[in-house]
Amino acid sequence: MKSALVFPPQWFPSQPYLALPTLKAYLESKGHEVDQLDFNIETYEVFLSRQYLTRCVDIIRDRLSQPAYTPEEQEVKSVYRQILSDPDYLETVFSEVEEAANVLRTEELFFQFPLYKKAFTTLKIAMKLISYAHFPSKIDLESFFMQGTPEENLSGILSATVDSVRNPFLALYEDYLLSQAEWQDYGLVGISIIHVGQVIPGLTLARLLRKQYPHLHIVIGGSVFARHQDILEGKEALFEEFFHSIILFEGEHPLDQLIVHLKENKPLDTVPNLIYLDNGKIRGNEKAKSLPYEQLTRPTFDGLPLDKYLMPYPVLPYMASRGCYWGKCTFCTHSFIYDSYYRKENESRVAEDLDYLGKRYKTKYFTFSDEAISPNAFRRMSAAILSQGVDMRALGMLKFESGNVETPELFEEMQRAGFIMLFFGLESANDRILSIIDKGCDQATEKLVLKNSSDAGIWNHLYLFFGFPTEERHEAEDTIQFTVENGESGSGIIHSVGQSTFALEKDSAVYHNPGKFKIDRILHDPERDMAIVFDFDIKLGMPHDEVMQVYENFNNIIEENFPSRTIWNYLSREHFLLYLDRFGKEEILNMARDEELLGQI
């Protein structure tokens, strides 16, 4: 029996997602025949084409002729008239969109930032045009949202997956993508849904396959439905209309066993980590512990169209560990998909894998998808990479520990090994907030570690957020001041920043212990019974409006204090990795100054 693994839209089109290459490699090592289909990148092949954008304008023209029943529909009609009133501008978008995608795929064009910026802007305009055709849905280069968040309840899912007006993926599959595979040749199709923007696109595909190819067993994997495991009661329609089963947590061993059971026509009650419909009732099997790293397999990217990703050459994802070695941050849910079970690969084998993958797929660029790599693991990995002579450039995630372990010598060796960009979860620079988040560090440690990394020539990118429960304005200002003092216009040890606001996620420590974090009430809306992020009431700390004000003000502060934002804000992390390797930190700062001068002309 042959199986197909599918990664659905909507995700940034710069590299494959790691789940499918990892599962395919493991299943093939067990003797199964497996194809991997990246419908996300195939979607962009359609979206970013003259033919499809012309179709979108025809849809807009047709919708303009229809009655407007709501104020929103009346308002968007004025936008429709503006779009249709400028045929020359539309022709410019039609004629440039395919070349814009080609700029991002062509080395000599990709590294000319004015050309890159123009191409990126054209692609954003194209995606906005697609959004208007399917108004009020919004679709961009990395996400998809339908009005009313239909993915958060069963009735919304049932209606959104057949909504040919607001759901662009229904026609996309029917008219373009389903014909790319011989579905009758498969016995199982696995669909990986790893974030909420994929729920409607992924389940639209599942529903179509379920209806058109009833012989298929359709199984859903990924973090979203793993987090839904406790709210499936009364949602038998999901198993009747969309899929036959869900695999929880890591998929290698459960998926292998599911395929074996289907091949041998055995009952599914002994397949671990499986949820399925049994005689009209939803049943969950016993859990199995995830496999140790020595039983896992190096990922394979064979069969994926690496030339279609919007990159001049492949940038491959890789993981040297699963779960998080720290695992204590009270806001975080990232380890949930690994059932909070941390383990790591032998660092010598990591170096062997990188060498093999680099040579096989003709690249030296990697993004480490680990939740966080420990300083000791980074040290051993770097030593192995250097001793084996692996030619590599990579980015990775590092937690703040202490200056005693995250030393100048550690970062110097990491930089020599090819780790030229590091992502740090700063979250806050206020010691009280860091304590209740349980980051295991303080502001002084953050500053020392960032200095050690920057002095070694590594680009430091920070993640931070505002609005953790009980955070006061002056505590948020500590984070802002820390960023300014150590940013590009200050000491220069922080090179780029990504900010957000605190989100209360299901399965986080804050969610399970709201009283401990002074949350008075979590708002459970019965119309959002499949939600993953929740609103909440607090009496201590900044109210939501003030949090948003701080966030918006900080956005302006970043713009003022990080001139190089005119460069890195346009680039995805994979694109920026290539720019950083090609130009280096100082030249990127020079490019930013040139951009500023151009803007003043």
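Report follows, based on the coordinates.

Each value, and the rule that gives it
Residues numbered from 1 in each chain as written. Predicted model: local features only at pLDDT ≥ 70, side-chain atom pairs only at ≥ 80, totals over all residues. Heavy atoms only, no water. Helix = DSSP H or I, 4+ residues; strand = E, 2+ residues; numbered from the N terminus. Expected span 1.5 Å × (residues − 1). Buried < 20%, exposed > 50% of the residue type's maximum accessible area, 1.4 Å probe, protein only. Pairing = 2+ DSSP bridges. Axes fitted to C-alpha atoms, helices over the stretch in contact; angles between N-to-C directions. Contact = heavy atoms within 4.5 Å. Polar contact = N/O pair within 3.5 Å; in protein donor to acceptor, adjacent residues only side chain to side chain. Phe/Tyr/Trp six-rings, centres within 6.5 Å; stacked < 30°, edge-to-face > 60°.

Considering helix H13 (residues 252-263)
Think of an α-helix as turning once every 3.6 residues; residues three or four places apart then point the same way. In this model H13 runs 17 Å from its N-terminal to its C-terminal C-alpha over 12 residues, within 8% of the 16 Å that 1.5 Å per residue would give. Here H13 has its buried residues at Glu 252, Pro 254, Leu 255, Asp 256, Leu 258, Ile 259 and His 261. Just past H13, the residue Asn 265 takes up positive phi, approximately 55°.

Examining the sheet that holds strand E5 (residues 186-192)
The strand order E2-E1-E5-E6-E7-E8-E9 describes an open sheet built from 7 strands, whose pairing is mixed. Taken across any chain shown, the strands that pair with only one partner, and hence form the sheet edges, are strand E2 (33-38) and strand E9 (281-284). Between one strand and the next, the sheet's axes are offset by a mean angle of 25°, whatever the strand orientation. Against the sheet, helix H2 (residues 39-47) engages strand E1 (2-7) and E2, with an angle of about 40° to E2.

Focus: the side chain of Asn 460
Positionally, Asn 460 belongs in strand E16 (residues 459-466). Looking at Asn 460, its side chain comes within polar contact range of the main-chain oxygen of Ile 493, at 2.9 Å. Discounting residues that sit within four places of it in the chain, Asn 460 has contacts with Leu 422, Phe 424, Leu 450, Ser 453, Ser 454, Ile 493, Ile 494, His 495 and Ser 496.

Description of the packing of aromatic side chains
Tallied over the entire structure, the rule returns 44 aromatic pairs. Judged by centre distance (5.0 Å) and plane angle (85°), the ring pair of Phe 378 and Phe 419 falls under edge-to-face. With Phe 378 in helix H15 (residues 375-387) and Phe 419 in strand E15 (residues 419-427), this pair connects stretches of sequence that are 41 residues apart. An identical accessibility class is assigned to Phe 378 and Phe 419; each is buried. For the pair Phe 423 and Tyr 463, a centre-to-centre distance of 5.6 Å together with 25° between the ring planes defines the contact as stacked. Remark: Tyr 463 occurs in strand E16 and Phe 423 occurs in strand E15; sequence separation between them is 40 residues. The exposure class assigned to Phe 423 is buried, which follows from its relative accessible area of 5%. Look at Tyr 463 and you get partly exposed, because its relative accessible area is 32%.

Honestly, that's just the spatial picture; any functional story needs more than this.
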